[in-house]
Number of protein chains: 2
Amino acid sequence: MENEDFDGMILTQVNNIKYLSNYSPTSFAVCIIKEDPLILTSPMDKELANKTSSIKVEEFKSFSEIEKIFKKGGLKKIAIESSLATGIYKKIQGSWDLEIKDFLETERMIKSSDEINNMNKALAISHKSFKKLNIREKWEKSATEWEVAYELGYLMRENGASEESFETIVATGANSSLPHAKCENKKLETPILMDWGCKFKGYCSDTSRTIVHSEKQEEIFDIVLEAQTKAIDSIKPGIKVCEIDKIARSIITEYGYGDNFIHSTGHSLGLDIHEKPNVSKKDETILEKNMVITIEPGIYLEDTFGVRIEDMVKIGHKGEIMGNLPYKI
Amino acid sequence: MENEDFDGMILTQVNNIKYLSNYSPTSFAVCIIKEDPLILTSPMDKELANKTSSIKVEEFKSFSEIEKIFKKGGLKKIAIESSLATGIYKKIQGSWDLEIKDFLETERMIKSSDEINNMNKALAISHKSFKKLNIREKWEKSATEWEVAYELGYLMRENGASEESFETIVATGANSSLPHAKCENKKLETPILMDWGCKFKGYCSDTSRTIVHSEKQEEIFDIVLEAQTKAIDSIKPGIKVCEIDKIARSIITEYGYGDNFIHSTGHSLGLDIHEKPNVSKKDETILEKNMVITIEPGIYLEDTFGVRIEDMVKIGHKGEIMGNLPYKI
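Everything numeric here is computed off the predicted structure, so don't read it as measured data. Residue positions are given per chain, counted from 1 along the sequence in the order it is written. Just so you know, chain letters begin at A and ligand numbers begin at 1, following the order they were written in. At least 70 in pLDDT is required for a residue's local features to be given in this predicted model, at least 80 for side-chain atom pairs to be given and counted, and no such filter applies to totals for whole chains, interfaces and linings, which use all residues. Heavy atoms from the whole structure form the basis of all side-chain values; hydrogens and water molecules are not counted.

**Looking at the overall build of chain A**
In step 1: Check the secondary structure of chain A and you find 10 helices and 19 strands.
In step 2: Based on C-alpha atoms, the radius of gyration is set beside the globule rule, defined as 2.2 Å times the residue count to the power 0.38. Taken against the 2.2 N^0.38 rule, which gives 20 Å for 329 residues, the C-alpha radius of gyration of chain A at 22 Å falls within 12% of a compact globule.
In step 3: Across its three principal directions, the C-alpha atoms of chain A cover 70 × 40 × 35 Å.
In step 4: Contact definition: two residues touch when any of their heavy atoms are within 4.5 Å. Long-range pairs, those at least 24 residues apart, make up 63% of the contacts in chain A between residues at least 6 apart in sequence. Helix and strand labels come from DSSP, where a helix needs a run of H or I of at least four residues and a strand needs a run of E of at least two; each type is numbered from the N terminus.

Shown next as structure tokens:
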């Protein structure tokens, strides 16, 4: 921050505040970075913040107070997050420059060993729980999509997770052609596409598996797995994430399904389930050691079915798959 | 919009897009309101959007395309949401005025009879499920906070909800002094503060009850219930929401607990769990017929316990409590 002549920063994104202070706001809060950093929060969160924050906490009263703090601190060039709501951006304008600089998002790309340990733990819990669930048995017993999602959520919590990383996807039969399908009240069909994860000490895991049954489903599965394997094999420090996307996409395209790979190849994750960089066509971020990304190619045949396979990969000397959950369930 | 000389609007808030089009984006999407409205969305959501949207849908490629659309349409004064990310706001600037005007949030304050029916249905499901849960029995059997939350979530889904409105709060013993406590892996203690809701056709319910045990807990409970009852009794079209907040707050203050009522008295809800207006000190919105708000005063004694009682209220000739869940459980 200092290198670029900023003398202050204002943060509202919950996990940016948690990353810096360990306090995870449950309502609106703002963190002002200056010589003497300060968090302003709702009275509702005062007890929680006092117990968890490493940064001084006061009550948020109004945006004009933030202006007073800028003035008092003599701040001239203040960084804001690109996610800051425009309504707030307009309210805190004054005789200082507000410039978008996602310093925290950039810093959060490289994980510490503690962060990686927490993600490994979250992943281990989510895989153990998935095995315990026994999805093949659930299918034989005609369970419904949402029953499976609830049971998996319960098992992850029972095994030590604090919560799910996101709403578990159990998309079966034709539903699996929607990458972000919502669980329905219907019996499992094939293929069974599951995408799930949990949090440990705030850090996310994220995995997808697809249980296939017919010959056509097997054929698509093999293509997706080849794309995933080769994308992971290409990972090393120094490579741009768009190049990894290109490798996965070119394999799927060779088999004639390029138009059916309708999302990016992966994303980084940590405290948030989606962090920078995005492993997409357009993202030119260069991989560095101790980044953690997912690689999750998929093929989606409208109204028919979809297959997605996703693993978390830690960047070491090369791409190291985290966990060892079998692909064929 | 036309009355105020706007000739276009840009929406990114998921439930604003759902409200207008019936399509609920699962990834980034933008809706451009002009003579010929248009939604731009991810290829990932194309199938879902084509099946559900009443507004024409195309693929989102880049922000420069949005600028082209503004130019082509000859748009001069374009409304934006106050929640729009500043990063996007900066990207779509050009030879037009972008002005914050939360038209949709204002329109969504007044509910149609269909919307109210959906909220009544969500509420009925959530109350039926709460009764089935039998929280007193759970306490006698030493269930844990998160087991109760999971079972209630399961019951609501079983009874016809599509999902929870928010993460169920089961905050017991000292945890109940945190208004937004996270469920822990610990056995239920008293008081048991629960705050839960579910969605039906996208519309939220929201209820809180506190099961009290000791004499001190009963005393606090009675004060909160008196504040809630008198606040609800004061509701009628034409009154400002801040006046309702004042009534609840003054009762709690009279009993000496003003500093322990650490949040606003309530909020509107609908597709989102928190909508405008906020029933707070500062909000001067005037109540109108067919608004729906919650009234949820609470008293929180740090490190000791908290009590909150919450009901949904529809504005008719007066405030009509929705549902009829007993206060004493």
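The rest of the description comes next.
**Looking at the interface of chain A and chain B**
In step 1: Counting residues at the interface gives 41 residues for chain A and 41 residues for chain B.
In step 2: Two parts placed together each lose some accessible area; with a 1.4 Å probe, that loss summed over both constitutes the buried area. Of the roughly 3600 Å² buried where chain A meets chain B, counting both sides, 54% is carbon and sulfur surface.
In step 3: Contact with chain B buries surface across chain A, with Met-44, Tyr-150 and Arg-157 of chain A losing the most and accounting together for 20% of the total.
In step 4: Put simply, a salt bridge is a Lys or Arg side-chain nitrogen that is within 4 Å of an Asp or Glu carboxyl oxygen. Counting the contacts that link chain A with chain B gives four salt bridges.
In step 5: Of the charged contacts, one joins Lys-182 of chain B and Glu-163 of chain A as a salt bridge, the two residues approaching to 3.0 Å between their closest N and O atoms.

**What to know about the packing of helix 8 (residues 145–158) of chain A against helix 8 (residues 145–158) of chain B**
In step 1: Between the N-to-C directions of two axes lies an angle of 0 to 180 degrees, each axis being a line fitted to C-alpha atoms and, for a helix, fitted only over the stretch in contact. Between helix 8 of chain A and helix 8 of chain B, the least distance of the axes is 11 Å, while the angle of their chain directions is 175 degrees. Accordingly, the angle class assigned to the pair helix 8 of chain A and helix 8 of chain B is roughly antiparallel. Across the interface between the two elements, Trp-146, Glu-147, Tyr-150, Gly-153, Tyr-154, Arg-157 and Glu-158 of chain A from helix 8 of chain A touch Trp-146, Glu-147, Tyr-150, Gly-153, Tyr-154, Arg-157 and Glu-158 of chain B from helix 8 of chain B.
In step 2: Class assignment of the residues belonging to the contact of helix 8 of chain A with helix 8 of chain B gives a composition of six nonpolar, two polar and six charged. Comment on the angle field: the value is read as roughly parallel under 35 degrees, roughly antiparallel over 145, roughly perpendicular from 65 to 115, and oblique elsewhere. Classes in brief: Ala, Val, Leu, Ile, Met, Phe, Trp, Tyr, Cys and Pro nonpolar; Asp, Glu, Lys and Arg charged; the others, Gly included, polar.

**Some thoughts on the packing of aromatic side chains**
In step 1: Aromatic contacts are taken between Phe, Tyr and Trp rings whose centres are within 6.5 Å, Trp giving its six-membered ring; a plane angle under 30 degrees counts as stacked, one over 60 as edge-to-face, and the others as tilted. Applying the stated criterion across every chain, the model contains 20 aromatic pairs over all chains.
In step 2: Ring centres of Phe-28 of chain A and Phe-60 of chain A lie 5.2 Å apart, and the angle between their planes is 75 degrees; this geometry places the pair in the edge-to-face category. With Phe-28 of chain A in the loop between helix 1 (14–21) and strand 2 (29–33) and Phe-60 of chain A in the loop between strand 4 (56–59) and helix 3 (63–72), the pair connects residues that are 32 residues apart, well separated along the chain.
In step 3: Pairing Phe-6 of chain B with Phe-103 of chain B gives two aromatic rings, centres 5.3 Å apart and planes at 85 degrees, and the pair type is edge-to-face.

**A few points about unusual backbone geometry**
In step 1: For the bond running from Thr-190 of chain A to Pro-191 of chain A, omega is -10 degrees, close enough to zero to count as cis.
In step 2: Tracing the backbone through its elements, the reader meets Pro-191 of chain A in the loop between strand 8 (169–172) and strand 9 (192–196).
In step 3: At Lys-201 of chain A, a residue that is not glycine, the phi angle is positive and equals roughly 45 degrees.
In step 4: Position of Lys-201 of chain A relative to the elements: it lies in the loop between strand 10 (198–200) and strand 11 (203–204).
In step 5: Residue classification places Lys-201 of chain A among the exposed positions, given a relative accessible area of 58%.
In step 6: Of note in the backbone geometry, Ser-142 of chain B takes a positive phi value of approximately 60 degrees without being a glycine.
In step 7: Summarising the element assignment, Ser-142 of chain B is placed in the loop between helix 7 (135–140) and helix 8.
In step 8: By relative accessible area, Ser-142 of chain B is classed as partly exposed at 36%. Each residue gets one of three labels from its accessible area relative to the maximum for its type: buried under 20%, exposed over 50%, partly exposed in between, using a 1.4 Å probe on protein chains only.

**Section: the sheet that holds strand 12 (residues 207–211) of chain B**
All names here are of chain B.
In step 1: Only when DSSP finds a minimum of two bridges between them are two strands counted as paired. Pairing in this open sheet of three strands is antiparallel, and the strands run 8-9-12 from one edge to the other. Whereas interior strands pair on both sides, the edge strands pair on one side only; in this sheet they are strand 8 (169–172) and strand 12. The average angle at which neighbouring strand axes cross in this sheet is 10 degrees, direction not considered.
In step 2: Pairing geometry for strand 8 and strand 9 (residues 192–196), over four bridges, is antiparallel. Among the inter-strand pairings, Thr-172 is bridged to a residue of strand 9, identified as Ile-192.
In step 3: Those strands touched by helix 6 (residues 113–133) are strand 9 and strand 12, and its axis lies near 150 degrees from that of strand 9.

**Remarks on the sheet that holds strand 8 of chain A**
Residues and elements named next belong to chain A.
In step 1: Read across the open sheet, the three strands follow the order 8-9-12; overall the sheet is antiparallel. Each having just a single partner strand, strand 8 and strand 12 (207–211) make up the two edges of the open sheet. For this sheet, the mean inter-axis angle between neighbouring strands, taken without regard to orientation, is 10 degrees.
In step 2: Each of strand 8 and strand 9 touches helix 8; the most contacted strand, strand 8, lies at about 150 degrees to it.

**Observations regarding the side chain of Arg-157 of chain B**
In step 1: The residue Arg-157 of chain B is located in helix 8 in this model.
In step 2: For the buried Arg-157 of chain B, no salt bridge is present, and the opposite-charge side chain at shortest range is Glu-167 of chain A, 5.6 Å distant.
In step 3: When neighbours within four sequence positions are excluded, Arg-157 of chain B is seen to be in contact with Trp-146, Tyr-150, Cys-183, Glu-184 and Asn-185 of chain A together with Ser-162 of chain B. Think of it this way: Lys and Arg go in the positive column, Asp and Glu in the negative one, and His and the chain ends go nowhere.

**Topic: the relation of the copies chain A and chain B**
In step 1: Residues reaching a pLDDT of at least 70 in both copies supply the C-alpha atoms on which the copies are superposed by least squares. Between the two copies, chain A and chain B, the superposition gives an RMSD of 0.0 Å; the rotation angle is 180 degrees and the shift along the axis is 0.0 Å. When the rotation and shift are considered jointly, the pair of chain copies conforms to a two-fold rotation axis.
In step 2: Interface overlap between copies: 100% of the residues of chain A at the interface are likewise at the interface in chain B, consistent with a symmetric, same-surface contact.

**A word on helix 1 (residues 14–21) of chain B**
In step 1: The complete set of buried residues in helix 1 of chain B reads Asn-15, Asn-16, Ile-17, Lys-18 and Ser-21 of chain B.
In step 2: Buried positions along helix 1 of chain B lie against strand 1 (8–11), strand 2 (29–33), strand 3 (38–41), helix 2 (46–52) and helix 5 (103–107) of chain B.

**Quick notes on the pattern of salt bridges**
In step 1: In the structure shown here, the tally under the stated rule is 46 salt bridges over all chains.
In step 2: Of the charged contacts in the structure, one is a salt bridge between Glu-226 of chain A and Lys-230 of chain A, with a shortest N-O distance of 2.9 Å. You can see Glu-226 of chain A and its partner Lys-230 of chain A sitting in helix 9 (residues 215–233), four residues apart, about one turn around the helix.
In step 3: Lys-230 of chain A gets classed as partly exposed once you look at its relative accessible area, which sits at 41%.
In step 4: Glu-284 of chain B serves as the salt-bridge partner of Lys-240 of chain B, at 3.5 Å between the closest nitrogen and oxygen. You can see Lys-240 of chain B sitting in the loop between helix 9 (215–233) and helix 10 (241–254) and its partner Glu-284 of chain B sitting in the loop between strand 14 (275–279) and strand 15 (292–295), a full 44 residues away along the chain.
In step 5: Of the residues examined, Glu-284 of chain B reaches a relative accessible area of 51% and is grouped as exposed.
In step 6: Within the structure, one salt-bridge network assembled from shared partners comprises Arg-108, Lys-111, Asp-272 and Glu-275 of chain A.

**Quick word on the nonpolar core**
In step 1: Definition used in this section: a nonpolar core is a set of buried Ala, Val, Leu, Ile, Met, Phe, Trp, Tyr and Cys residues joined via side-chain atoms within 4.5 Å. Residues Met-194 of chain A together with Met-194 of chain B are the most contacted members of the largest nonpolar core, which totals 48 residues.
In step 2: Breaking this core down by element, the ones donating at least two residues are helix 6 (113–133), helix 8, strand 9 and strand 10 of chain A together with helix 6, helix 8, strand 9 and strand 10 (198–200) of chain B.
In step 3: If we skip the residues at most four places from it in the chain, Met-194 of chain B touches Phe-130, Leu-133, Ile-135, Val-148, Leu-152, Ile-169, Val-170, Thr-207, Ser-208 and Arg-209 of chain B.

**Considerations on the packing of helix 9 of chain A against helix 10 (residues 241–254) of chain A**
Residues and elements named next belong to chain A.
In step 1: Contact geometry for helix 9 and helix 10: axes closest at 8 Å, N-to-C directions at 155 degrees. Considered as vectors, helix 9 and helix 10 are oriented roughly antiparallel to each other. Seen along the crossing, helix 9 lies across helix 10 with a hand that is right-handed. Touching Ile-223, Glu-226, Ala-227, Lys-230 and Ala-231 of helix 9 are Ile-244, Ile-247, Ala-248, Ile-251 and Ile-252, all from helix 10.
In step 2: A breakdown of the residues in the contact of helix 9 with helix 10 according to their chemical character gives eight nonpolar, no polar and two charged. Here a crossing is called left-handed whenever its near helix is offset anticlockwise from the far helix by less than a right angle, and right-handed whenever the offset is clockwise.

**Looking at the confidence of the model for chain A**
Detailed conclusions should not be drawn from predicted coordinates in areas where pLDDT is low.
In step 1: The share of residues in chain A with pLDDT of 70 or more is 99%, and the mean pLDDT across the chain is 96.
In step 2: Reported confidence for the predicted complex is 0.94 by ipTM and 0.95 by pTM. pLDDT is a per-residue confidence score from the predictor, ranging from 0 to 100.

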